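Chain by chain, the residues:
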Amino acid sequence: MINLRRSFIDENGAILPIVLAFILASTILTGAVLTVIQTNFFTVNLNTQRQQALNIAEAGVNYYLWHMSHDANDFKDGQSTPATPDPDLGYGPYVHNYVDDNSKTTGTYTLWIKPQSAGSTIMTVRSIGKVKNTNVIRTVDAQIGATSFASYALASDSALWFGNTEVANGPVHSNVGVRMDGASFGDVTSANATYVPPGSLGGDGASHPGVWCKSSVTTPVNCNSRSKADWHYPVPLLDFNQISSSLCTIKKVAFSSDATTSALSQLSNACSQTPTTRTPSYLPQRSASGSFSSTQGYLIELNTNGTYNLYNVNSENDTKATYVSALGKSLVSSNVVIPSTGVIFAEDNVWIRSNPTYKGRVTIGSGRLAQTNSTDIVIADDLVYTTKNGDDAIGLVTENSVIIAPYAPPASGAFTFEVDASMIAQSGSVTYPLHYRSTPSKYTHGWINSNQKFIFYGSISTRQTWTWTWLIGCGSCADAVYSASNSAYISGILNNSTDYDYNLLYAPPPNYPITGGYNILSWREVLTTP
């Protein structure tokens, strides 16, 4: 007889482990699912908070962009401390609450502001975004600055012509038009779609594109086959009228750099002031009566130790062979320490050379801002940086013209003559002169040999003409030299290159004139804090 009770018990006993195993498996699976869900929620929440922290850090950068647009000289967020910046991070920390679109405070951003260099319009802003009630932070470094006239290898308010032996390394711009027969490495731009070039600057009476080359020019660059991808026209005009106010700013900075003149910088008519006191940053008019002479002013020798030697220039005969014989000069002071602002302003003409190279960053302004006379800056000899890594910069800003003196290059033989500088001619030209200033009827010296070279390294901005070379079609041209390859007489240095100092893009000379408003020039996230 079958024992039904035992069979039932055996069956129940077999089911129980299965049920328990199912419950255990379900519990484990449910726990795993809940863990995955919880992990996903945590990951999503963390990612959301990290994105919020990045947004807050970006908001800090945008805030300081706005701040600099309203106060371009404030690197302390409107505060007076700290007096001394951190050597790596700059001024700070400055903490701000971040308020979202719903008027809720959702975090903070902490700012550090580091100026690029004395008088620079460019700074690095480090913004550290932090989400409220969390430890989630993200850090952004951004360069904020206003582009300056030093953003161009050559910029002109007039037409430009690069001959086939001239090379342009870096951005070139004209508000009128450019004939580019030489090699170019960088953007070449014009504010006009078409223009009629003047005959002295490669024109033939016809209209040409804003940037063009002569089809007959086939060497060393072939006009017909060369790449023109970097030629752009029309583009917006450059406002050269800004330079006038920039010269005034340079003068006020020079006043503020010394206790004897600092009060003048605060006057509403500061730029009309003409004190007779000479300071390391301000050089007064040579004549106490205010009379003006194009052959009088100052010679500034920039030294390797970051100082300068100052001479009075009492006369100039530019037909001579060297600056030593051309200038009648007398020593005023040696090893003058350049102010921390990096600015020198001369209320007169300036002659300049390096002795033998210059170490440091300086801007030299020259002008008679209180008078109708306009001053020049004359390159009297080699003017060379000690390094070309951005540590050194020379800015030259003048009311009228920047002139390469006929006696600046060696008189004869093989040479490489060099000028390193950022130059601005507010109303005149940047040029090697066609005629001697002391003998206007006489054409200047010319150099045509392939081993006689001129290297310009830096940046040029000119209201009128720019050229290192003049081609003259005459039978007897005084000191000009005949070039068979050009079938013309040459004044100036035939073989030359205009090379852009790309370090100037983000590190122009101190208080160098700007071309527009402030922008974020570069942006990156960094993993270090602060």
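Just so we're clear, the structure is a prediction, and the values are computed from it rather than from any experiment.

## Quick look at the overall build of the protein chain
Now for step 1: Regarding its fold elements, the protein chain presents three helices and 35 strands.
Now for step 2: Its C-alpha atoms give the protein chain a radius of gyration of 33 Å, clearly above 24 Å, the size a compact globule of 530 residues would have.
Now for step 3: Projected onto its principal axes, the C-alpha coordinates of the protein chain cover approximately 145 × 60 × 40 Å.
Now for step 4: Within the protein chain, the proportion of its 530 residues that are buried is 49%.
Now for step 5: Taking the contacts inside the protein chain whose residues are at least 6 apart along the sequence as the reference set, 64% of them involve residues at least 24 apart.

## A word on the state of the cysteines
Now for step 1: On inspection of all chains with the given rule, the structure shows three disulfides.
Now for step 2: Note on cysteine connectivity: C248 is disulfide-linked to C271, with sulfurs 1.9 Å apart. Its S-S torsion of approximately 95° makes the covalent link between C248 and C271 right-handed. With C248 in helix 2 (residues 242–256) and C271 in the loop between helix 2 and strand 16 (282–283), this residue pair connects regions lying 23 residues apart in the sequence.
Now for step 3: Each disulfide of the protein chain joins two cysteines, and with those cysteines numbered along the sequence the arrangement is 1-2, 3-4, 5-6.

## Concerning the nonpolar core
One recurring pattern in soluble globular proteins is that nonpolar side chains are buried together.
Now for step 1: Of all hydrophobic cores here, the largest spans 63 residues; its most connected members are L302, L396, I404, V419 and M423.
Now for step 2: Beyond its immediate sequence surroundings of up to four residues, L302 is in contact with T307, Y308, I338, I352, R353, S354, N355, T357, Y358, V362, L383 and I394.
Now for step 3: In terms of nonpolar packing, the next biggest core, distinct from the first, is built from 22 residues, V253, F255, L264 and I424 among them.

## Things to note about the side chain of N303
Now for step 1: Structurally, the position occupied by N303 is in strand 17 (residues 297–303).
Now for step 2: Judged by its relative accessible area of 4%, N303 is buried.
Now for step 3: Here N309 takes part through its side chain, which lies 3.1 Å from a polar atom of the side chain of N303.
Now for step 4: At a separation of 3.1 Å, a polar atom in the side chain of N303 contacts the side chain of N355.
Now for step 5: Not counting residues within four places of it along the chain, the set of residues in contact with N303 comprises Y308, N309, N335, N355, T357, Y358 and K359.

## Notes on the environment of I113
Now for step 1: Secondary-structure assignment places I113 in strand 2 (residues 105–115).
Now for step 2: Through-space distance from the C-alpha of I113 to that of N309 is 35 Å; in sequence the pair is 196 residues apart.
Now for step 3: Apart from the residues within four sequence positions on either side, I113 is in contact with Y64, F75, L89, G90, Y91, Y94, M123, T124 and V125.

## Points about the packing of aromatic side chains
Now for step 1: Following the criterion strictly, the structure yields 16 aromatic pairs and no others.
Now for step 2: Seen in terms of ring centroids, F415 and W447 are 6.1 Å apart; in terms of plane orientation they differ by 90°. Their pairing is edge-to-face. With a gap of 32 residues between them, F415 in strand 26 (residues 415–425) and W447 in strand 28 (residues 446–447) connect regions that are remote in the sequence.
Now for step 3: Classification of F415 by relative accessible area gives buried; the value is 7%.
Now for step 4: A residue is classified by how much of its surface remains accessible, and W447, at 2% relative accessible area, is buried.
Now for step 5: By way of ring pairs, the aromatic residues F162, F417, F454, F456, W466 and W468 are connected into one cluster.

## As for the environment of K228
Now for step 1: Along the chain, K228 falls in the loop between strand 14 (211–212) and strand 15 (231–232).
Now for step 2: Separated by 41 residues in the primary sequence, K228 and D187 place their C-alpha atoms 9.4 Å from one another.
Now for step 3: In this structure the side chain of K228 is engaged in a polar contact, spanning 2.8 Å, whose partner is the backbone oxygen of C223.

## Section: unusual backbone geometry
Now for step 1: Between Y233 and the following residue, P234, the backbone shows a cis peptide bond with an omega angle of -5°.
Now for step 2: On the secondary structure map, P234 appears in the loop between strand 15 and helix 2.
Now for step 3: The linkage connecting N355 with the following residue, P356, adopts the cis geometry, with an omega of -10°.
Now for step 4: Mapped onto the elements, P356 comes out in the loop between strand 21 (349–355) and strand 22 (361–366).
Now for step 5: For D77, which is not a glycine, the phi torsion comes out positive at approximately 55°.

Reading the values: rules and limits
- Residues numbered from 1 in each chain as written.
- Predicted model: local features only at pLDDT ≥ 70, side-chain atom pairs only at ≥ 80, totals over all residues.
- Heavy atoms only, no water.
- Helix = DSSP H or I, 4+ residues; strand = E, 2+ residues; numbered from the N terminus.
- Rg over C-alpha atoms; globule rule 2.2 N^0.38 Å.
- Buried < 20%, exposed > 50% of the residue type's maximum accessible area, 1.4 Å probe, protein only.
- Contact = heavy atoms within 4.5 Å.
- Disulfide = S-S within 2.5 Å.
- Core = buried A, V, L, I, M, F, W, Y, C linked by side-chain atoms within 4.5 Å.
- Polar contact = N/O pair within 3.5 Å; in protein donor to acceptor, adjacent residues only side chain to side chain.
- Phe/Tyr/Trp six-rings, centres within 6.5 Å; stacked < 30°, edge-to-face > 60°.

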